[in-house]
Amino acid sequence: MNKLRIPTLETNRLILRAVTMDDASDMFAYTSNPEVTRYLSFSTHTSVEDAEWAIANIFMKRPDNGSPEAFAIVDKMTHQMIGTCDFWRVDGDNTYEMGYVLNQAYWGQGLMTEASRAVLKFAFEDFGVRRMEIRHNAENIGSRNIIKKQGFTYEGVRRRLIKIDDHYSDIVYYAMLDEEFK
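Residues numbered from 1 in each chain as written. Predicted model: local features only at pLDDT ≥ 70, side-chain atom pairs only at ≥ 80, totals over all residues. Heavy atoms only, no water.

Draft legend 1. Local environment of helix 4 (residues 111-127). The end-to-end C-alpha distance of helix 4, which contains 17 residues, comes to 22 Å, matching closely the 24 Å that a straight helix rising 1.5 Å per residue would cover. Counted residue by residue, helix 4 has twelve buried out of 17 residues, so it is predominantly covered. Every buried residue of helix 4 is accounted for by L111, M112, E114, A115, S116, A118, V119, L120, F122, A123, F124 and F127. A positive backbone phi angle near 90° is found at G128, which sits one or two residues after helix 4. (Helix = DSSP H or I, 4+ residues; strand = E, 2+ residues; numbered from the N terminus. Expected span 1.5 Å × (residues − 1). Buried < 20%, exposed > 50% of the residue type's maximum accessible area, 1.4 Å probe, protein only.)

What follows is the structure in structure tokens.
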């Protein structure tokens, strides 16, 4: 099996599997919500075609760029794809960056903590990640809380780095080393 093809993982409430083109409608359901995309690096989707483009040109091209496939987060009860959690290669030996997004209807239930924990376990124990980086907009308290729950170490802030709407935002950086994953 190609190392960049991911396995299906299961947690108590979720199935984590590779993102496919069949996920476009479910992805559009949350990426069309400005509250969900408020702190993200992409614009709010205005059509299912935007989600199809993202799946085809970002998520499905990860293996072509030396990164593993992205995990679709699927609710076990409804079988609906409700978000993504993935990691991609960045500078450094076996260094990757993690990112995630979740449908707003599922916020506040601990699901992203559950999903990101399973993805980190896979990344460190099975994929061979040495260093995992993660960052968030300083105003995104929800993302900060998930990062802290996972045990990432704070590394600093890049001040006024990204322009969102009419102002520049600080971006906060964290990392976790393989020996720190518990």
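Draft legend 2. Representation of the side chain of T31 in the model. Structurally, T31 is set in helix 1 (residues 24-31). Relative accessible area serves as the criterion here: at 2%, T31 is assigned to the buried category. Of note is the side chain of T31, whose polar atom sits 2.7 Å from the side chain of H45. Apart from the residues within four sequence positions on either side, T31 is in contact with T37, F42, T44 and H45. (Polar contact = N/O pair within 3.5 Å; in protein donor to acceptor, adjacent residues only side chain to side chain. Contact = heavy atoms within 4.5 Å.)

Draft legend 3. How the structure looks around the packing of aromatic side chains. Here the structure, examined in full by the defined rule, presents eight aromatic pairs. Ring geometry for F87 versus F122: centroids 6.3 Å apart, planes at 50°, classification tilted. Here F87 is found in strand 4 (residues 81-89), whereas its partner F122 is found in helix 4, with 35 residues between them in sequence. Neither residue differs from the other here; F87 and F122 are each classed as buried. Each residue in the set F71, F87, Y96, F122 and F127 is aromatic and connected to the rest through ring pairs, giving one cluster. (Phe/Tyr/Trp six-rings, centres within 6.5 Å; stacked < 30°, edge-to-face > 60°.)

Draft legend 4. Structural detail: the nonpolar core. Judged by nonpolar contacts, the single largest core of 36 residues is most densely connected at F87, M98 and M132. Among the elements of the structure, strand 2 (14-18), strand 3 (71-75), strand 4, strand 5 (95-102), helix 4, strand 6 (131-137), helix 5 (141-150) and strand 8 (167-177) are those that each provide at least two residues to this core. Top contributing element to this core by residue count: helix 4, with ten residues. Setting aside its immediate chain neighbours within four residues, M98 contacts C85, D86, F87, W88, S116, V119, L120, M132, E133 and I134. If you look at the next biggest cluster of nonpolar residues, it comprises 13 residues, including F59, A72, V74 and V101. (Core = buried A, V, L, I, M, F, W, Y, C linked by side-chain atoms within 4.5 Å.)

Draft legend 5. Just unusual backbone geometry, in detail. Positive phi is not limited to glycine here, since H79 has a value of about 65°. Mapping H79 onto the fold places it in the loop between strand 3 and strand 4. A positive phi angle, near 45°, is found at R160, a position not held by glycine.

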